[in-house]
There are 2 protein chains.
Amino acid sequence: MRIRIDPTLPTPLFEQLASAVRSTIIDGRVIGGERLPAARRLAEGLGVNVHTVLRGYRLLRDEGLIELHRGRGAVVATRLGGHAALAGAIHDLVDEAKLHDLPESALLALVSEAYRSAPSAAGVLRTGPTR
Amino acid sequence: MRIRIDPTLPTPLFEQLASAVRSTIIDGRVIGGERLPAARRLAEGLGVNVHTVLRGYRLLRDEGLIELHRGRGAVVATRLGGHAALAGAIHDLVDEAKLHDLPESALLALVSEAYRSAPSAAGVLRTGPTR
DNA sequence: CGACTTGTTCGAGTAACAATAGAACAATAG
DNA sequence: CTATTGTTCTATTGTTACTCGAACAAGTCG
């Protein structure tokens, strides 16, 4: 896994780090259970503070993509298969958006709003007879 | 067209305003060529500064959704059809994301990264056993 | 023309946040 | 036990974002 971080970009460092790792997980380039580098070591390698790396890791943990354990480090969550359809849906959407010359910011805003107004997965998954 | 903004939310006011107007346009609840309220008047009605409203308008203008003209006001851009496929793609993606229990923040990050499929560089990360 | 409307630009102040740093702590591995 | 690794706490620094006031410029309309 190769991660690129650019301090000159407006995007926060911890977010760049999280995005890079997230992509490798969603794309299936790392398998569940695989161990990520220790925060202190990675921080040194990237030339950033340990807290910055840990913040990125914590972000991914909150998203359910990795697990953090003291003494054991950061581990890619198992039971993460089937993201292929997700990656495909994302690709389709981006294609459609660029077809309409819709800027990234507008696309994100629309997705965000759709996410909030959509029913939760749990609700869709059946909760007994509807009438 | 009813617009509601909440100063207590972490989302910037101008962004809340832009999102509200954007939705009404994408959903087709306002027709192309239709005129939006003048910034000063809308600002007074919402209890915010004129700049806040104008910044929201400017955001939509940069997205190509409206046009701004001095003396004439803000007008919904014509030639905005064909967003149906876009709305569909968004819906599909959100469904898929919720099926995987993927949080909104993670979804937005993935879409964002997919949109600009040309990252920049500096820094390396290796996976596998941490020696 | 001339008064009015409307968006634009300049400048500024406050708040929020990112990033860094040091230290001590708790759980896990070997 | 010893070393590793994430967690928590406090603190500082620099930068950015948001909101706002006032003056300006371009257009509209009688």
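Residues numbered from 1 in each chain as written. Chains lettered and ligands numbered in written order. Predicted model: local features only at pLDDT ≥ 70, side-chain atom pairs only at ≥ 80, totals over all residues. Heavy atoms only, no water.

Trainee: How should I be thinking about the protein's contact with DNA strand C in this particular structure?
Mentor: Leu13(A), His51(A), Thr52(A), Arg55(A) and Arg40(B) are the nearest of the 24 residues found near DNA strand C. A breakdown of the atoms of DNA strand C within 4 Å of the protein gives sugar and phosphate a share of 68%. Within the side chain of His51(A), an N or O atom sits 2.7 Å from a base oxygen of DNA strand C. For DNA strand C, a base nitrogen lies 3.4 Å from a polar atom in the side chain of Arg70(B). Looking at the surface near DNA strand C, the elements with two or more residues in it are helix H1 (13–26) and helix H3 (50–62) of chain A together with helix H2 (39–46), helix H3 (50–62), strand E1 (66–69) and strand E2 (73–76) of chain B. (Near = heavy atom within 4 Å. Polar contact = N/O pair within 3.5 Å; in protein donor to acceptor, adjacent residues only side chain to side chain. Helix = DSSP H or I, 4+ residues; strand = E, 2+ residues; numbered from the N terminus.)

Trainee: Teacher, can you tell me more about the pairing of E1(B) here?
Mentor: Consecutive side chains along a regular strand alternate between the two faces of the sheet. All names here are of chain B. For E1 and E2, the ladder comprises 4 bridges, and the chain directions are antiparallel. Each bridged residue has a counterpart across the sheet, and for His69 the counterpart in E2 is Gly73. As consecutive antiparallel partners, E1 and E2 are separated by 3 residues, and within that stretch Gly71 has a phi angle of approximately 85°, a positive value. (Pairing = 2+ DSSP bridges.)

Trainee: Could you clarify how one ought to interpret the relation of the copies chain A and chain B in this entry?
Mentor: Between the two chain copies there is a screw-like relation: a rotation about an axis and a shift along it. Here chain A sits on chain B after a turn of 180° about the axis and a move of 0.1 Å along it, with an RMSD of 0.5 Å. Overall, the copies show the geometry of a two-fold rotation axis. Taking the C-alpha atom as reference, chain A places Leu108(A) closest to the rotation axis, 3.1 Å from it. (Least-squares fit on C-alpha atoms with pLDDT ≥ 70 in both.)

Trainee: Which parts of the structure should I look at to understand the packing of helix H5 (residues 104–117) of chain A against helix H4 (residues 84–99) of chain B?
Mentor: Two quantities define a packed helix pair, namely the angle between the axes and the distance from one axis to the other. Two elements in contact, H5(A) and H4(B), have axes separated by 10 Å at closest approach and are oriented at 55°. With respect to H4(B), the element H5(A) is oriented oblique. The element H5(A) and its partner H4(B) pack so that their crossing is right-handed. Here Leu110(A), Val111(A), Ala114(A) and Tyr115(A) of H5(A) come into contact with H4(B), specifically with Leu86(B), Ile90(B), Val94(B) and Lys98(B). (Axes fitted to C-alpha atoms, helices over the stretch in contact; angles between N-to-C directions. Parallel < 35°, antiparallel > 145°, perpendicular 65-115°, else oblique. Left-handed = near helix turned anticlockwise from the far one by under 90°. Contact = heavy atoms within 4.5 Å.)

Trainee: It is not clear to me how the interface of chain A and chain B should be interpreted in this structure. Could you clarify?
Mentor: How large an interface is tends to be reported as the accessible area lost when its parts come together. Contact with chain A, which involves 58 residues of that partner, is made by 46 residues of chain B. Between chain A and chain B, the buried area comes to about 4,900 Å², and carbon and sulfur atoms account for 65% of it. By the criterion of area lost to chain B, the three top residues of chain A are Glu104(A), Leu110(A) and Tyr115(A), representing 14% of everything that side buries. The tally of links between chain A and chain B comes to 2 salt bridges. For Glu104(B), the salt bridge is made with Arg116(A), and the minimal N-O distance between the two is 3.2 Å. (Buried area = accessible area lost by both parts, 1.4 Å probe. Salt bridge = Lys/Arg side-chain N within 4 Å of Asp/Glu carboxyl O.)

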